Amino acid sequence: MKRSPVRNALFCATVSLSLAAALTGCSTKGSTGAANDKGAADKIPVSAVKVALVPGGAHPYFQLWKTTGAKAKADFGLGDVTYDETAEWNQAKQNSLLTSLAARGHNAFGIFGVSPTDINSTFADLKSKGFAVASLGSCPAGGTLKADFCLSTDVEQAAYKATQADIQAMGGHGNLVHLTGNNVDSNTQRRIAGVKKAVAETNGQVTLLTTVTDIDTDLQTAQKAVSDLLTAHGSQINGLVATAYNPAVAAAAAIKQGNLPIKVVAIDDDPKILAGISDGSVSGTVAQNPAGQAYVGSWALSRLQSGQCTVRTPGAVIDSGSFVVTRDNVGTYDAERQTKTDQLMNDFKTSVLSCP
């Protein structure tokens, strides 16, 4: 996934103060209250909880948030689950959207923050006004989390799995290329670390030829980057691991069209990727669990905001799961993902939240 470049500190501080001021009139509690500190007198029915699922910007990854959010609303009896996004990846614009959603009565938020270094101030502002807040799909950079919890793919582990699968497809040796997203994104840095870890375990049998970043803006950007890469180094490349959505789709199409002997392992489950796995032009992919993030995240937010539950360890980080998909399981992997979502729900009920 991508984020827009980090803004300067003064600008972000101004935005944060604006968000805090705007939310003052939208609070469901006093300014000193926290969403997961509700007493018995503060409990409200879950039908009064209105969840907002807010990604960092437009991206295919989040489409399942939209459909799954509607299912969560119906299954859990929530007042509303709204999906809303800004037209571009910009933290100031995301903050303005959150202010607007709060003014319209939303009182629980699942957010994929644009800026990995600045989003904690947004989380803190929302929490200070009595709203339940989850970091969904990505955790902030560093070791601090101001949201109630983070439910996200362990992206380093997912990239590690993808690279292991690619190395296996390459026969255990050769030159590997890594295609990924925005270099300033903390998720990208974690993915780079996962790829390097898997390569290092080959003890020199596999060489990481290059890592290409900042090519997940859109499909056209990724297609040009892949074309340039293959023109310059195609004959040297034995394997290609893509850990961002648009580069994965672009690489799969280019390798198939050129009938090149390069082993591709992608990320996510775009239909083109799955078709490539089925016909053998793509060696595999690593599917994530955005549906589980939205579904379990909405349930947990509703229980926190209603006062029915508290977070056992505020700032907990939970892996939403990643799944290696090959020709052997391309038709059945979604059952594994649903099993993981069921497990996540049980984990939240028994160990992440306390619901007396």
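Asker: Any details on helix H7 (residues 219-233)? Residues and values, ideally.
Answerer: Across its 15 residues, H7 extends 21 Å between first and last C-alpha, which sits within 8% of the 21 Å expected from 1.5 Å per residue. Every buried residue belonging to H7 is among Ala 222, Ala 225, Val 226, Leu 229 and Leu 230, and all of these are buried. For H7, the arc enclosing every buried residue in end-on projection is 130°, short of the 170-degree limit, so these residues lie on one face. What points out from H7, more than 90 degrees from its buried face, is the exposed set Gln 220, Lys 224, Thr 231 and Ala 232. Where the residues of H7 are buried, they touch strand S6 (174-179), strand S7 (206-212), strand S8 (239-242) and helix H8 (245-258). With a side-chain oxygen positioned 3.2 Å from the backbone nitrogen of Gln 220, the residue opening H7 is Asp 218.

Asker: Lay out empty space enclosed by the protein with the relevant residues and their values.
Answerer: Enumeration over the complete set of coordinates arrives at two cavities of 30 Å³ or more. Forming the boundary of the second largest cavity are Val 155, Ala 158, Ala 159, Ala 162, Arg 191, Ala 242, Thr 243, Ala 266 and Ile 267. At the level of elements, helix H5 (155-169) and strand S9 (263-267) are the ones that each hand at least two residues to the lining of the second largest cavity. Among the elements that take part in the lining of the second largest cavity, H5 stands out by supplying four residues, more than any other.

Asker: Describe the state of the cysteines, and please don't skip the residues or the numbers.
Answerer: The term disulfide refers to a covalent linkage connecting the sulfur atoms of a pair of cysteines. Per the counting criterion, the structure on display carries two disulfides. Across a sulfur-sulfur distance of 2.0 Å, Cys 139 and Cys 150 are joined as a disulfide pair. Judged by the sign of its S-S torsion, about -100°, the cystine formed by Cys 139 and Cys 150 is left-handed. Here Cys 139 is found in the loop between strand S4 (132-136) and strand S5 (149-152), whereas its partner Cys 150 is found in strand S5, with eleven residues between them in sequence. Residue pairing for Cys 309: its cysteine sulfur links by disulfide to Cys 355, the two sulfurs lying 2.0 Å apart. Negative torsions about the S-S bond denote left-handed disulfides, and the value of about 110° found for Cys 309 with Cys 355 makes this one right-handed. Taken as a pair, Cys 309 in the loop between helix H10 (290-305) and strand S11 (310-311) and Cys 355 in the segment after strand S14 (353-354) lie far apart in primary sequence, 46 residues in all.

Asker: How would you summarise the sheet that holds S8 if you had to cite specific residues and measurements?
Answerer: Strands pair in a sheet through their backbones, by hydrogen bonds, and they do so in one of two ways: parallel or antiparallel. Here we have six strands laid out as an open sheet, ordered S7-S6-S8-S9-S10-S13, and mixed in their pairing. Across the chains shown, the open sheet's two edge strands, defined by having one partner strand only, are S7 and strand S13 (323-325). Strand after strand, the sheet turns through a mean of 20° between neighbouring axes, direction not considered.

Definitions and limits used
Residues numbered from 1 in each chain as written. Predicted model: local features only at pLDDT ≥ 70, side-chain atom pairs only at ≥ 80, totals over all residues. Heavy atoms only, no water. Helix = DSSP H or I, 4+ residues; strand = E, 2+ residues; numbered from the N terminus. Expected span 1.5 Å × (residues − 1). Buried < 20%, exposed > 50% of the residue type's maximum accessible area, 1.4 Å probe, protein only. Arc of directions from axis to C-beta. Contact = heavy atoms within 4.5 Å. Polar contact = N/O pair within 3.5 Å; in protein donor to acceptor, adjacent residues only side chain to side chain. 1 Å grid on protein atoms, 1.4 Å probe; cavity = no way out; pocket = protein on both sides within 12 Å on 5 of 7 lines; lining within 4 Å. Points joined across faces, edges and corners; volume = space filled by probe spheres on them. Disulfide = S-S within 2.5 Å. Pairing = 2+ DSSP bridges. Axes fitted to C-alpha atoms, helices over the stretch in contact; angles between N-to-C directions.

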